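Listed below, chain by chain, are the residues.
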Protein chains: 2
Amino acid sequence: MKPTIVKSLIVVATLAVLSSSLARAEDPLGSWNDGPARQAILEFVKATTTEGSPQFVTPETRVATFDQDGTLWVEHPKYTQVMYCLDRVGVLVKEKPELKDREPFKTVLSGNRAALAELSMKDQQEIFVAALTGMSVDKFNAEVKKWLASARDSRWKRPYTELTYQPMQEILRYLRANGFKTYIVTGGGQDFVRVFAEQTYGVPPEQVVGSVGATKYGYDKNGKPMLTKEPKLLLNDNLGGKPEGIHLMIGRRPFAAFGNSTGDRQMLEYTKAGDGARLAMLVLHDDVEREYAYGPAQGLPNTKVGTFTQALYDEAKKNGWIVISMKNDWKKIFAFQP
Amino acid sequence: MKPTIVKSLIVVATLAVLSSSLARAEDPLGSWNDGPARQAILEFVKATTTEGSPQFVTPETRVATFDQDGTLWVEHPKYTQVMYCLDRVGVLVKEKPELKDREPFKTVLSGNRAALAELSMKDQQEIFVAALTGMSVDKFNAEVKKWLASARDSRWKRPYTELTYQPMQEILRYLRANGFKTYIVTGGGQDFVRVFAEQTYGVPPEQVVGSVGATKYGYDKNGKPMLTKEPKLLLNDNLGGKPEGIHLMIGRRPFAAFGNSTGDRQMLEYTKAGDGARLAMLVLHDDVEREYAYGPAQGLPNTKVGTFTQALYDEAKKNGWIVISMKNDWKKIFAFQP
């Protein structure tokens, strides 16, 4: 080949590579199949961010809220924070050996899954209180960080923080690129989620709203100020607690809200009750192959973890809330998948 | 004069005007006299924002917290929110005439200042609960907004929102211009302060931390979602409650904190207990001519509103917290003054 032809070919090849990476860069929702869910997101962003649009929203009021468990990351077979609490029991009995023979700690240590599943709400609460309170905020943060670095999910054998949904990460980034502040509004513990939310989702601690307990200001033995986590619940950030938590922590009604279960119903309802363009979306776990399938909406198996009832499904359809089918709307579930 | 000389003079005059306005534009703390307080602010910002500085702070962790009453605006002779509550009693008795002859409402309506000053803490709380709870968040916001538009301070005959300290407004803007997020951390009501904080201080609702009550999610008679303000205190954002509120709402330790009374002590202590450069400042009201004079620190008159004890003053001096003298450090108190 003549050198000029070689040069031209190189130029063409370079351009092809460039234009294909540009095309990828241009599709902020690359893991979404084309369909009503993807379209709804694009239309919402266009309507709220185009100057002159009748539904234009000023940048400082652009708020989007996301449930975490089952919406941003995997919640089955158990909530990650529950796994943490169960694992903590092993550490706790080393610090306080007298707990070893006391229920419900004894059952947790036995590893008997059937017995574990039968623990009463009161027993579960006792475990949560022991694992999540009675220590300084700094110690708690360090413990959670350490645990997250070593704990692995039983199915994918990966750190829990890798089990986030790639299509939802794309929405987070896409909304932020369009001037939205993205908040997590979780029934899980606010302090727990804050430990990893910034690195995992790009959501800073001050934008994590969760179930939250009181802290008590005091001093350590060297007289250094410290905050101790108290067993006193200030907010149960679930059901009606979600709009209450949004008011407490944000003080503005969201323009977009994302959930996956009946615990998110009021947050979506509150969001849609605002003026102008409002987006409400629910992730339906209907992909038993690539993740899990549970409802009981649409005949999916029933579950106690992340229940999505048929009533919620019907309400969504009636009110223009968008149901996202993991199976049909998502090309890809996790970033680590090919 | 020759035209060229005229031209030259115009050029010189123009340059003089330009350079003087540039000098003004270049001094972000124009209302501060040169002195240790002004220097401390400038040095803190330099140390924390200069890349390569050993005390450099990454932009996302730059948090500064400000008490409101007595730190950002006037708190004497009474806290503005107390004035609101007292004024609300007149509206309340129109809605519920049976309150008119009941204490403590009867005393408030009498206008008898001596009797008012003698009201017990329990009586005061009853007034606050009646004025601040039992209505929707939307109604409360509308009422406060309406009141702020018409209420006038007794001394300057101006809206309360004009009684903010110009030098503190300059710190707010200067810190924001240097990448800090500025938060209000007030013993006053979070919802009350949120109504005007954005317009008055450039602090958005999500950056107002205050004493805060629970809300209850429900529906109005048309079935529209609403949040009702409940008489249940979640956080008393005063004393140790300030670091607790900072953890609840922000989840990061501030690098700079500003207060003016013993209620701010723990916030400053908590701030200074962090690593690196930390700035703690206290406004001392020692200017009876231009504002008010109260302590009882440094022999200033005693007060129940915004108490600044000698013990706090001594602690500040001992620990490198900067005491701002309104009289000596501030060229100007209010923006409306010449």
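(A) Structural detail: the interface of chain A and chain B. Taken together, the contact pairs 37 residues of chain A with 37 residues of chain B. Carbon and sulfur atoms make up 52% of the area that chain A and chain B hide from each other, which totals about 3,100 Å². Our count for the contact surface shared by chain A and chain B stands at six salt bridges. Where Glu 206 of chain A meets Arg 252 of chain B, a salt bridge forms, and the shortest distance between an N and an O atom there is 3.1 Å. Counting every contact that joins chain A to chain B gives 24 residue pairs in polar contact (both at pLDDT 80 or more). Those elements giving two or more residues to the side of chain A that touches chain B turn out to be helix H7 (137–150), strand S2 (181–189), helix H9 (190–201), strand S3 (208–219), strand S4 (225–235), helix H10 (241–249) and helix H11 (265–272) of chain A.

(B) Summary view of the pattern of salt bridges. Applying the stated criterion across every chain yields a total of 34 salt bridges over all chains. In this structure, the salt-bridge partner of Glu 162 of chain B is Arg 158 of chain B, at a minimum N-O distance of 2.7 Å. Note on Arg 158 of chain B: relative accessible area 28%, which makes it partly exposed. Through salt bridges with shared partners, one network takes in Lys 181 and Arg 252 of chain A together with Glu 198 and Glu 206 of chain B.

(C) Molecular detail of the relation of the copies chain A and chain B. Superposing chain A onto chain B takes a rotation of 180° plus a shift of 0.0 Å along the axis, which leaves an RMSD of 0.0 Å. Between the two chains, the operation in question is that of a two-fold axis.

(D) Looking closely at the sheet that holds strand S4 (residues 225–235) of chain B. Sheet architecture is open: seven strands sit in the order S4-S3-S2-S1-S5-S6-S7 (chain B), paired in mixed fashion. A single partner strand is all that each edge strand has here, and the edge strands are S4 and strand S7 (322–325) of chain B. Pairs of neighbouring strands in the sheet enclose a mean axial angle of 35°, with direction left out of account. In terms of strand pairing, strand S1 (residues 63–66) of chain B meets strand S5 (residues 256–259) of chain B through three bridges, oriented parallel. Each bridged residue has a counterpart across the sheet, and for Thr 65 of chain B the counterpart in S5 of chain B is Ala 257 of chain B. Most of the contacts of H10 of chain A go to strand S3 (residues 208–219) of chain B, to which it runs at about 155°, and overall it touches S3 and S4 of chain B. The strands touched by helix H9 (residues 190–201) of chain B within the sheet are strand S2 (181–189), S3 and S4 of chain B, with S2 of chain B carrying the most contacts at an inclination of about 145°.

(E) Molecular detail of empty space enclosed by the protein. A complete count under the given rule lists two cavities of 30 Å³ or more for this structure. Lining of the largest cavity is provided by Lys 181, Tyr 183, Glu 206, Gln 207 and Met 249 of chain A together with Lys 181, Tyr 183, Glu 206, Gln 207 and Met 249 of chain B. The set of elements that each furnish at least two residues to the lining of the largest cavity consists of S2 of chain A together with S2 of chain B. Taken together, the residues of the lining of the largest cavity sort by class into four nonpolar, two polar and four charged. Estimates place the volume of the second largest cavity at around 30 Å³. Taken together, Gln 68, Asp 69, Gln 81, Thr 186, Gly 188, Gly 189, Phe 192 and Val 193 of chain A make up the lining of the second largest cavity.

(F) Spatial organisation of the sheet that holds strand S7 (residues 322–325) of chain A. Spatial ordering of the open sheet is given by S4-S3-S2-S1-S5-S6-S7 (chain A), a layout of seven strands whose pairing is mixed. Looking at the sheet topology across the chains shown, the edges are occupied by S4 and S7 of chain A. Taken pair by pair, the neighbouring strands of this sheet meet at an average axis angle of 35°, ignoring direction. Bridging between S2 of chain A and S3 of chain A involves four bridges; their strand directions are parallel. For Ile 184 of chain A, the partnering residue across the bridge sits in S3 of chain A and is Val 208 of chain A. Running at roughly 145° to S2 of chain A, H9 of chain A makes contact with S2, S3 and S4 of chain A of the sheet. Of the strands in this sheet, S3 and S4 of chain A touch helix H10 (residues 241–249) of chain B, which is tilted by about 155° from S3 of chain A.

What counts, and at which threshold
- Residues numbered from 1 in each chain as written.
- Chains lettered and ligands numbered in written order.
- Predicted model: local features only at pLDDT ≥ 70, side-chain atom pairs only at ≥ 80, totals over all residues.
- Heavy atoms only, no water.
- Contact = heavy atoms within 4.5 Å.
- Buried area = accessible area lost by both parts, 1.4 Å probe.
- Salt bridge = Lys/Arg side-chain N within 4 Å of Asp/Glu carboxyl O.
- Polar contact = N/O pair within 3.5 Å; in protein donor to acceptor, adjacent residues only side chain to side chain.
- Helix = DSSP H or I, 4+ residues; strand = E, 2+ residues; numbered from the N terminus.
- Buried < 20%, exposed > 50% of the residue type's maximum accessible area, 1.4 Å probe, protein only.
- Least-squares fit on C-alpha atoms with pLDDT ≥ 70 in both.
- Pairing = 2+ DSSP bridges.
- Axes fitted to C-alpha atoms, helices over the stretch in contact; angles between N-to-C directions.
- 1 Å grid on protein atoms, 1.4 Å probe; cavity = no way out; pocket = protein on both sides within 12 Å on 5 of 7 lines; lining within 4 Å.
- Points joined across faces, edges and corners; volume = space filled by probe spheres on them.
- Nonpolar A, V, L, I, M, F, W, Y, C, P; charged D, E, K, R; others polar.

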